[in-house]
Amino acid sequence: MALDEVVAALKAPLEEADRAQGSTGDLRREVQAEISINRSVLRREGLFMVWYLRPRLDVWMDYEGVRPGCLRSLVLDVQRRFVEARSTS
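Each value, and the rule that gives it
Residues numbered from 1 in each chain as written. Predicted model: local features only at pLDDT ≥ 70, side-chain atom pairs only at ≥ 80, totals over all residues. Heavy atoms only, no water. Helix = DSSP H or I, 4+ residues; strand = E, 2+ residues; numbered from the N terminus. Rg over C-alpha atoms; globule rule 2.2 N^0.38 Å. Buried < 20%, exposed > 50% of the residue type's maximum accessible area, 1.4 Å probe, protein only. Contact = heavy atoms within 4.5 Å. Areas by Shrake-Rupley, 256 points an atom, 1.4 Å probe, with all protein chains shown as cover. Lys, Arg positive; Asp, Glu negative; His and termini not counted. Charge placed at Lys NZ, Arg CZ, Asp CG, Glu CD. Axes fitted to C-alpha atoms, helices over the stretch in contact; angles between N-to-C directions. Parallel < 35°, antiparallel > 145°, perpendicular 65-115°, else oblique. Nonpolar A, V, L, I, M, F, W, Y, C, P; charged D, E, K, R; others polar. Expected span 1.5 Å × (residues − 1). Arc of directions from axis to C-beta.

Undergrad: Residue-level account of the overall build of the protein, with values.
TA: If you tally the helices and strands in the protein, you get 5 helices and 0 strands. When the elements of the protein are put in sequence order from the N terminus, they spell out α-α-α-α-α. Taking 89 residues into account, the globule formula puts the C-alpha radius of gyration at 12 Å, and the protein, at 13 Å, falls close to it. Taken over 89 residues, the protein has a buried fraction of 38%. Sequence-distant contacts, at least 24 apart, represent 66% of the contacts inside the protein between residues at least 6 apart. Accessible surface, the protein: about 5500 Å² in total, of which carbon and sulfur atoms supply 56%. Charged side chains in the protein number 14 positive and 14 negative. The centres of these two groups are separated by 3 Å.

Written out as structure tokens, the structure is:
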């Protein structure tokens, strides 16, 4: 599941490439917590809850100055999947 993958990536040690792209340990923990909450809600309540989950991770990462890279791509992929799930449910 994509949510599991991105949570694992966010828990991994911060690498130099991540720092160069603007990621910080605090930001990674905050984004990981947000995604973990959403993952828990989906597992507990089911896919119909996707309508109530409104992750704005793109805005958050833009505000924090995170530039394109692997971590940003993973996080934005999760956001894209939420939007797609919303349109198909």
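Undergrad: Give a description of the packing of helix α4 (residues 57-64) against helix α5 (residues 70-88) that names residues and reports values.
TA: Running from N to C, α4 and α5 cross one another at 150°; their axes reach a closest spacing of 9 Å. Taken together, the axes of α4 and α5 lie roughly antiparallel to each other. Contact residues: Leu57, Asp58, Met61 and Asp62 in α4; Arg72, Val75, Leu76 and Gln79 in α5. Of the residues contributing to the contact of α4 with α5, the split by class is 4 nonpolar, 1 polar and 3 charged.

Undergrad: Can you break down α5 residue by residue, with the values?
TA: Its 19 residues place the ends of α5 27 Å apart at the C-alpha level, agreeing with the 27 Å of an ideal helix rising 1.5 Å per residue. Buried within α5 are the following residues: Leu71, Arg72, Val75, Val78, Gln79, Phe82 and Arg86. Looking straight down α5, one finds its buried side chains confined to an arc of 130°; they lie on one side. Exposed residues on α5 whose side chains face more than 90 degrees from its buried face are Cys70, Ser87 and Thr88. Here the buried face of α5 lies against α1 (2-11), α2 (16-20), α3 (25-45) and α4.

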